[in-house]
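In case you want the letters, here they are:
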Amino acid sequence: EKLRDAGYSTHFVGKWDIGMATHGHLPRSRGYSTSLGYFEKSNSQWGSKCLQCEVCGENANLSDLWEDDRPVANVNQSFYQEFKFADRMHEIIHNHDAKDPLFLFYAPHVAH
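Thresholds applied
Residues numbered from 1 in each chain as written. Predicted model: local features only at pLDDT ≥ 70, side-chain atom pairs only at ≥ 80, totals over all residues. Heavy atoms only, no water. Phe/Tyr/Trp six-rings, centres within 6.5 Å; stacked < 30°, edge-to-face > 60°. Helix = DSSP H or I, 4+ residues; strand = E, 2+ residues; numbered from the N terminus. Buried < 20%, exposed > 50% of the residue type's maximum accessible area, 1.4 Å probe, protein only. Pairing = 2+ DSSP bridges. Polar contact = N/O pair within 3.5 Å; in protein donor to acceptor, adjacent residues only side chain to side chain. Contact = heavy atoms within 4.5 Å.

As for the packing of aromatic side chains
In step 1: For the structure on display, the rule yields eight aromatic pairs.
In step 2: Pairing Phe-12 with Phe-105 gives two aromatic rings, centres 5.6 Å apart and planes at 40 degrees, and the pair type is tilted. Taken together, the residues Phe-12 in strand S1 (residues 9–15) and Phe-105 in strand S5 (residues 102–107) connect sequence positions 93 residues apart.
In step 3: The class of Phe-105 is partly exposed, set by a relative accessible area of 35%.
In step 4: Here a set of aromatic residues connected by ring pairs shows up, and it is made of Phe-12, Trp-16, Tyr-32, Phe-103 and Phe-105.

Side note on the sheet that holds strand S3 (residues 66–67)
In step 1: Read across the open sheet, the five strands follow the order S4-S3-S2-S1-S5; overall the sheet is mixed. With partners counted over all chains shown, the strands left at the sheet margins are strand S4 (70–71) and S5, one partner each.
In step 2: With two bridges connecting them, strand S2 (residues 34–38) and S3 associate as antiparallel partners. Each bridged residue has a counterpart across the sheet, and for Leu-36 the counterpart in S3 is Glu-67.

A short note on the side chain of His-11
In step 1: Structurally, His-11 can be placed in strand S1.
In step 2: At 2.5 Å, the side chain of His-11 forms a polar contact with the side chain of Thr-34.
In step 3: Setting aside residues no more than four positions away along its own chain, His-11 makes contact with Tyr-32, Ser-33, Thr-34, Ile-92, Leu-102, Phe-103, Leu-104 and Phe-105.

This is the structure in structure tokens:
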């Protein structure tokens, strides 16, 4: 929030692991202009399926890939998630005006 207020363009990509109980916990509410990521502790790296949705019963095929404040719709389930994240980061950097400050936070899940 402080960086955004200081004039930075702020973006989040990857695993958001610091709260999702309310919209106030999501990246946009925490100062990010844009976000693309997932919330659960475990998810499919090949698509957007939540792997911890067994508690959801009949809704066990829920998507856990979010863009800004909404689940991503109409996702091709044969993509490798880290490639999608890399594409988003390249897009952000390519479209960013170098005269303005940029804060891009990337939290990969392949590292653990």
